[in-house]
Amino acid sequence: MRPETEAELAETVAGLNGPVCIAGGGTRGVVGAEPELSTAGLSGITLYEPGALTLVARAGTPVAEIEAALDGEGQQLAFEPMDHRGLLGTTGEPTIGGVVAANISGSRRIQAGACRDFLLGVRYVDGLGQVIKNGGRVMKNVTGYDLVKLVAGSWGTLGVLSEVSLKVLPKPETQATLAVSADDVGTAVDLMSTALRSPYEVSGAAYDPKDRQAFLRIEGFADSVAYRASRLSEILGNECTELEESRKRWADLRDVRAFHDLEGDVWRLSVKPGDALVIADRIEAGRTLLDWGGGLIWALVPKGTDLRARLGAFEGHASLVRADAHTMDEFGRFQPENHQVRALTRAIRLKFDPRSVFNPGLMG
């Protein structure tokens, strides 16, 4: 099923006789036994006002098309969405609807915010085939933020997106990345925390235990970047060098390139940065990568490893990102919810999708 218009999408959903698996570009690894309902036919930028820092696009619009349009005006998606294709071995083109549905956000989240923080409005089709509009197309007439933000990160379980409105930001003139030596996770988190608390507007803070280096990004006008990088180097004190190819470094960190050619299951842990050292030790992963100042941990473990059981109780979430179908079915993609939250989640889903036709079982 590949509707070409919002009206066709609504008609298709209204006529469903059973569950479907919603897909955009098919790059995020969400597959099911159900027939696929693709939004790829709903493509195109419908409104772009660079002066108002707003862009409206149909859900199936490729992210690359949007980034090209923004780049032409010296602007960007500030939340720099991750591209999962290398990590998951998928093909196709990532779509903006998929990015919003999964709330995909990259390294700049610690400074600029997540995808949902830039979402001004949405249009979607609910489980009864009704077209719902919430929020606005430009910042000056935005209303109903709560529902907009609820849809972001719902992974298609509340409705099928047909159009999204986003706030965009100017692209920085330049950037610099400092590589700081750190022998362990605890030292790295301390360094990253110091950098993030500084007045020098760090927009990325990651750590690769294999290289024993923390990476810190500074963006803006060239003179400002040079000054702030110099001052931050003085504050940190450790062996600190400025890297070439800064943009490539952060694209690799965002897309977890270090894991692309390695065997094993991949987990994504969201934790308090102060707990990163304890969590990293507890998971006993063959390879880890930290982002968001230690708040995001990527872990590579042997196939079939139940990382949640190994972790036990902790403050955070462990999501299974890459695994075979059996492991994904056994452990589930997302962190299990406690019974109160699970009951609330199910009640919300029934309001949006009373026939339970959208991505059944995806979020418990």
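The residue count restarts for each chain, going from 1 along the sequence in the order it is written. It should be noted that, the model being predicted, local features are given only for residues of pLDDT at least 70 and side-chain atom pairs only at 80 or more, the latter also being counted only at that level, while totals for whole chains, interfaces and linings use all residues. Side-chain measures were taken over the full set of non-hydrogen atoms in the model, leaving aside hydrogen atoms and water.

Visitor: Which residues make up the packing of helix H7 (residues 185–197) against helix H8 (residues 222–236), and what are the values?
Guide: Lines fitted to C-alpha atoms define the axes, with helix axes restricted to the stretch in contact, and inter-axis angles between N-to-C directions lie between 0 and 180 degrees. Only DSSP runs of H or I covering at least 4 residues are called helices, and only runs of E covering at least 2 are called strands; the numbering of each starts at the N terminus. The contact between H7 and H8 brings their axes to 11 Å, and the two run at 135°. As judged from the angle between their axes, H7 and H8 are oblique. Crossing geometry of H7 relative to H8 is assigned as right-handed. Touching Leu191, Thr194 and Ala195 of H7 are Leu232, Ile235 and Leu236, all from H8. Classifying every residue of the contact of H7 with H8 by side-chain character gives five nonpolar, one polar and no charged. Should an angle lie under 35 degrees it is considered roughly parallel, over 145 roughly antiparallel, and from 65 to 115 roughly perpendicular; all remaining angles are considered oblique. Throughout, a crossing is termed right-handed when the near helix is turned clockwise from the far one, and left-handed when it is turned anticlockwise from it by less than a right angle. Contacts: residue pairs with any heavy atoms within 4.5 Å of one another. The residue classification treats Ala, Val, Leu, Ile, Met, Phe, Trp, Tyr, Cys and Pro as nonpolar and Asp, Glu, Lys and Arg as charged. All others, Gly included, are polar.

Visitor: Tell me what's going on with the environment of glutamate 73, and back it up with residues and numbers.
Guide: With respect to the helices and strands, the residue glutamate 73 is situated in the loop between helix H2 (63–71) and strand E5 (75–76). You can call glutamate 73 partly exposed: its relative accessible area is 47%. In the structure, glutamate 73 is positioned 97 residues away from proline 170 in sequence and 8.3 Å away in space, judged by C-alpha atoms. If we ignore the near neighbours within four places in the chain, the residues touching glutamate 73 are Tyr48 and Pro50. Exposed residues in this analysis have more than 50% of their type's maximum accessible area, buried residues have under 20%, and partly exposed residues fall in between, with area computed by a 1.4 Å probe over protein chains only.

Visitor: Describe helix H10 (residues 276–283), naming the residues involved and giving the relevant values.
Guide: The α-helix winds at 3.6 residues per turn, so residues separated by three or four positions along the chain end up facing the same way. Among the residues making up H10, those that are buried are Ala276, Ile279, Ala280 and Ile283. Along the axis of H10, the buried positions cluster into a sector of 100°, meaning they face one direction only. Where the residues of H10 are buried, they touch H7, strand E14 (265–271), strand E15 (287–291), strand E16 (296–301) and helix H11 (307–311). Residue glutamate 284 follows H10 closely and has a positive phi angle near 50°. Here the arc refers to the set of directions running from the helix axis out to each C-beta atom.

Visitor: Outline the pairing of strand E11 (residues 202–208), supporting the account with residue identities and numerical values.
Guide: In terms of residue burial, E11 counts as a mostly covered element, since seven of its seven residues are buried. DSSP bridges decide pairing: two strands pair if at least two such bridges lie between them. Looking at chain direction, E11 and strand E12 (residues 213–220) are connected through six bridges and run antiparallel. Across the sheet, the residue bridging to aspartate 208 is glutamine 213, located in E12.

Visitor: Before we move on, could you go through helix H1 (residues 6–14) and cite the residues and values that matter?
Guide: Restricting attention to buried positions, one finds in H1 the residues Leu9, Ala10 and Val13. Seen from one end, H1 has its buried residues packed into an arc of 95°, which puts them on one side. Every exposed residue of H1 that faces more than 90 degrees away from the buried side is listed here: Ala7 and Glu11.

Visitor: Hey, could you go over the pattern of salt bridges for me, with residue numbers and the actual values?
Guide: A pair is scored as a salt bridge if a Lys or Arg side-chain nitrogen falls within 4 Å of a carboxyl oxygen belonging to Asp or Glu. Applying the stated criterion to the full structure yields 16 salt bridges. The salt bridge involving arginine 85 is made with aspartate 83; its shortest N-O contact spans 2.7 Å. A relative accessible area of 25% means that arginine 85 is categorised as partly exposed. Where lysine 248 meets aspartate 252, a salt bridge forms, and the shortest distance between an N and an O atom there is 2.9 Å.

Visitor: Describe the environment of leucine 42, naming the residues involved and giving the relevant values.
Guide: In this structure, leucine 42 sits in the loop between strand E2 (36–38) and strand E3 (45–49). Sequence-wise, leucine 42 and leucine 53 are eleven residues apart; in three dimensions their C-alpha atoms are separated by 23 Å. With residues up to four places along the chain from it excluded, the contact list for leucine 42 reads Pro3, Glu4, Thr5, Glu6, Leu9, Arg58, Ala59, Gly60, Thr61, Leu161 and Ser162.

Visitor: If you had to explain unusual backbone geometry to someone new, which residues and values would you point to?
Guide: Backbone geometry follows two general trends: most residues other than glycine have a negative phi, and most peptide bonds adopt the trans configuration. At glutamate 201, a position not held by glycine, the phi torsion is positive, near 50°. Position of glutamate 201 among the secondary structure elements: in the loop between H7 and E11. The backbone of serine 356 sits at a positive phi, close to 55°, despite the residue not being glycine. Within the fold, serine 356 resides in the segment after helix H13 (339–352).

Visitor: Describe the packing of aromatic side chains, with residues and values.
Guide: The way to describe two aromatic rings as a pair is by their centre distance and the angle between their planes. Any Phe, Tyr or Trp ring, taking Trp's six-membered ring, that has another such ring centre within 6.5 Å forms a pair; planes under 30 degrees apart are called stacked, those over 60 apart edge-to-face, and the others tilted. Across all of its chains, the model carries three aromatic pairs by this definition. Their ring planes at 65° and their centres at 5.3 Å tell us that tryptophan 155 and phenylalanine 334 sit as a pair that is edge-to-face. Here tryptophan 155 is found in the loop between helix H6 (145–151) and strand E8 (160–167), whereas its partner phenylalanine 334 is found in the loop between helix H12 (325–331) and H13, with 179 residues between them in sequence. Classification of tryptophan 155 by relative accessible area gives buried; the value is 16%. Distance and angle both matter: a charge sits over a ring if NZ of Lys or CZ of Arg is within 6 Å of the ring centre and within 35 degrees of the ring normal. Its guanidinium or amino end placed over the ring of tryptophan 250, arginine 217 lies 4.7 Å from that ring's centre, counting from NZ or CZ.

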